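# Analysis of the macromolecular model
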Amino acid sequence: MMKKTFILSCLFLFLSFSINAQKQPVKVELSDKDSYTMIMIPDPQTYIKFDVNQPIFELMTAWVANNIEDLNMAAVLCTGDLVEQNDQPIPEGRNGNQTGRQQWENVSRAFERLDNRISYVNATGNHDYGYVSAENRFSQFPEFFRPERNTCWRKSLVSVGRNWEEKPTLENAAYEFEMGNWGKVLVVSLEFAPRDEALDWAKNLVNSEKYKDHKVIVLTHSYMNTKGVVYEKENYKVTPANYGQAIWNKLIAPSPTIRMVLCGHSAIADGDDYEKNVSFRVDKNQAGKDVVQMMFDAQTAGGGWHGNGGDGWLRILEFMPDGKTVKVRTFSPFFAISPTTAKHAWRTASYDQFEFVID
């Protein structure tokens, strides 16, 4: 009798899982079971400024959370501009129907899906400062993204720089990850248009004895445009500030351990022309090593500046077991969730699906 009851209980549990397990038409898999991945999330601002768009961004972070184990994720990297208006007390209307405070609350809620599940690294963008766009250095980011909110940072967060108020915040921070044959990888996030003090902190860190054998990824918001041209300057009021070429000259080129730069920020209104919202280049640093630089921004896909926020596009960076090859795929959980739109879930053009080597 007990044996029969046990068998029936197991059968019931099996049927319960079978019935309740969601069946999605697109399942993303590793090309090699021994790979690691990092997920690159482009500027969320247009998802966040309209309340009707916010569920799309929550779908993206939910998809990430549901695939941490299957894709052997090491980290999630977001290029900044978490909000459209940092400190706007009255919604602008055409450019968003949420106050600045509401926007921070909503983007924070979306990232809660990743808290205590995986380390995520957020750069800060121009819209995360000032009133609307970097009129000054004030940001609500430190209030909503504190080091203690995600227990996964206890293991990965290894250094924090100081912001414009001389306070240690995650605006400038470094995270360490163990990634099999890749060894130890250090991700350094920088504030928008970083001050000299931020660049000095990062340079001293990545060139220290402790991290001399790490591969370093720099995550910053604004660095190069959609044509792959590194910015000499931009017309924001915030000062002092360093833009792309100064970041290269002062931090990246002199630091032999920095092998990759990831950024967002650059987009055009015709967002459905995907090639015009991405760029890629490789340059040699002062040590003669290749530095891969990749810009990815999807905020104008799905209707332009005032559209749906970016059609759910994100990038999957698969770090192959050879310890030197990275495969890039561009994917939308938004399209992937429905059989009707699943055929649109991958962007497969050469600028959206490719690989590169870091020797």
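For the structure itself, look to the data block above.
Only a predicted model underlies this, so the values are computations on that prediction, with no experimental measurement involved.

So, how was this worked out
Here the residue index of a chain counts from 1 through its sequence in written order. The predicted origin of the model limits local features to residues at a pLDDT of at least 70 and limits the giving and counting of side-chain atom pairs to 80 or more, whereas totals for whole chains, interfaces and linings rest on all residues. Side-chain metrics in this entry use all non-hydrogen atoms of the structure; hydrogen atoms and water are not considered. By the criteria applied, helices consist of DSSP H or I runs no shorter than four residues and strands consist of E runs no shorter than two, each listed in order from the N terminus. Radius of gyration here is computed from C-alpha atoms only, and the compact-globule reference equals 2.2 Å multiplied by the residue count raised to the power 0.38. Each residue is assigned to one of three classes by its accessible area relative to the maximum for its type, calculated with a 1.4 Å probe on protein chains only: buried under 20%, partly exposed between the two thresholds, exposed over 50%. Here a residue-residue contact requires only that any non-hydrogen atoms of the pair lie within 4.5 Å. Residue-level accessible areas treat just the shown protein chains as cover; the underlying method is Shrake-Rupley with a 1.4 Å probe. By convention a nonpolar core is built from buried Ala, Val, Leu, Ile, Met, Phe, Trp, Tyr and Cys residues, the set being connected through side-chain atoms within 4.5 Å. In this analysis, the expected span of each helix is defined as 1.5 Å times one less than the number of residues it contains. At least two DSSP bridges between two strands are required for those strands to pair. In this analysis an axis means a line fitted to C-alpha atoms, helices contributing only their contacting stretch, and an angle means the value between N-to-C directions, from 0 to 180 degrees. What counts as a ring pair is set by centres within 6.5 Å for rings of Phe, Tyr and Trp (its six-membered ring), and what kind of pair is set by the plane angle: stacked under 30 degrees, edge-to-face over 60, tilted for all other angles. A pair of cysteine sulfur atoms is labelled a disulfide when the two atoms are within 2.5 Å. Whenever two N or O atoms come within 3.5 Å, that pair is a polar contact, provided that in protein one can donate a hydrogen and the other can accept it, and provided that, for residues adjacent in sequence, both atoms are side-chain atoms. Salt bridge, as used here: a side-chain nitrogen of Lys or Arg that lies within 4 Å of a carboxyl oxygen of Asp or Glu.

All right, on to the overall build of the protein chain then. Each helix and strand counted, the protein chain has nine helices and 14 strands in total. Against the globule reference of 21 Å for 359 residues, the protein chain gives a C-alpha radius of gyration of 21 Å, in line with a compact fold. Buried residues in the protein chain amount to 57% of all 359 residues. For the protein chain, contacts bridging at least 24 residues in sequence account for 70% of all contacts bridging at least 6. Entry remark: accessible area of the protein chain is about 15,600 Å², with carbon and sulfur atoms responsible for 52%.

Moving on: the nonpolar core. Grouped together as the largest cluster of nonpolar side chains are 72 residues, with contacts concentrated most on Met 38 and Trp 63. Contact partners of Met 38, with chain neighbours within four places excluded, come to Ala 74, Ala 75, Leu 77, Phe 177, Met 179, Val 185, Val 187, Ile 217, Arg 315, Ile 316, Leu 317 and Phe 319. Tyr 223, Ile 247, Ile 258 and Cys 263 belong to the second largest nonpolar core, which has 25 residues in total.

Let us look at helix α4 (residues 100–111). Spanning twelve residues, α4 covers 17 Å between terminal C-alpha atoms, matching the ideal 16 Å at 1.5 Å per step. Residues of α4 that are buried include every one of Gly 100, Gln 103, Trp 104, Asn 106, Val 107, Ser 108, Ala 110 and Phe 111, and no others.

In spatial order, the strands read β4-β5-β6-β7-β8-β10-β9; together these seven strands make up an open sheet with mixed pairing. The sheet is open, and its two borders are formed by β4 (157–162) and β9 (278–284), each paired with just one other strand. On average, each strand axis in the sheet is tilted by 15° relative to the strand beside it, whichever way the strands run.

This next bit is on the packing of aromatic side chains. Evaluated as defined, the whole model comprises 20 aromatic pairs. Between Trp 153 and Tyr 175, the ring centres sit 6.4 Å apart and the planes meet at 55°, which makes this aromatic pair tilted. Remark: Tyr 175 occurs in strand β5 (residues 168–178) and Trp 153 occurs in helix α6 (residues 153–156); sequence separation between them is 22 residues. Accessibility classification places Trp 153 together with Tyr 175 in one group, the buried group. Taking 5.7 Å as the distance between ring centres and 70° as the angle between the ring planes, the aromatic pair formed by Tyr 274 and Trp 313 counts as edge-to-face. You can see Tyr 274 sitting in the loop between β8 (258–263) and β9 and its partner Trp 313 sitting in the loop between β10 (290–296) and β11 (314–319), a full 39 residues away along the chain. Cluster of aromatic residues (ring-pair linked, three or more members): Tyr 47, Phe 57, Trp 104, Phe 111, Tyr 120, Phe 141, Phe 144, Phe 145, Trp 153 and Tyr 175.

Further remarks concern the state of the cysteines. With the rule as written, the count across this model stands at zero disulfides. Looking at the unpaired Cys 78, the closest cysteine sulfur is the one in Cys 263, lying at 13 Å.

Quick look at the environment of Tyr 236 now. When you line up the elements, Tyr 236 lands in the loop between β7 (215–219) and α8 (244–252). The partly exposed category is assigned to Tyr 236, whose relative accessible area is 24%. In sequence terms Tyr 236 and Gln 54 are 182 residues apart; their C-alpha atoms lie 27 Å from each other. Once residues lying within four places of it in the same chain are set aside, the contact partners of Tyr 236 are Asn 126, Ser 133, Ala 134, Phe 192, Tyr 243 and His 265. A polar side-chain atom of Tyr 236 sits 3.3 Å from a polar atom in the side chain of Asn 126.

With that settled, the discussion passes to the pattern of salt bridges. One side chain can pair with another of opposite charge once the charged atoms of both are near each other. By the definition in use, this model includes 20 salt bridges. Residue Arg 101 pairs with Glu 105 through a salt bridge whose shortest N-O separation is 3.8 Å. Of the two residues, Arg 101 and Glu 105 both sit in helix α4, four residues apart, roughly one turn of that helix. One salt bridge connects Asp 290 with Lys 284, and the closest N-O pair in it is separated by 2.8 Å. What makes Lys 284 exposed here is its relative accessible area of 53%.

β10 sits mainly inside the fold: six of its seven residues count as buried. Summarising the sheet, β8 and β10 pair through four bridges and their orientation is parallel. Paired with Val 261 across the strands is Gln 293, a residue of β10. Taken together, the seven bridges between β9 and β10 define a ladder with antiparallel strand orientation. In the strand pairing of β10, Ser 279 is matched with Met 295. Connecting β9 to the antiparallel partner β10 that follows it, the hairpin turn spans five residues, and Gly 288 within it adopts a positive phi of roughly 80°.

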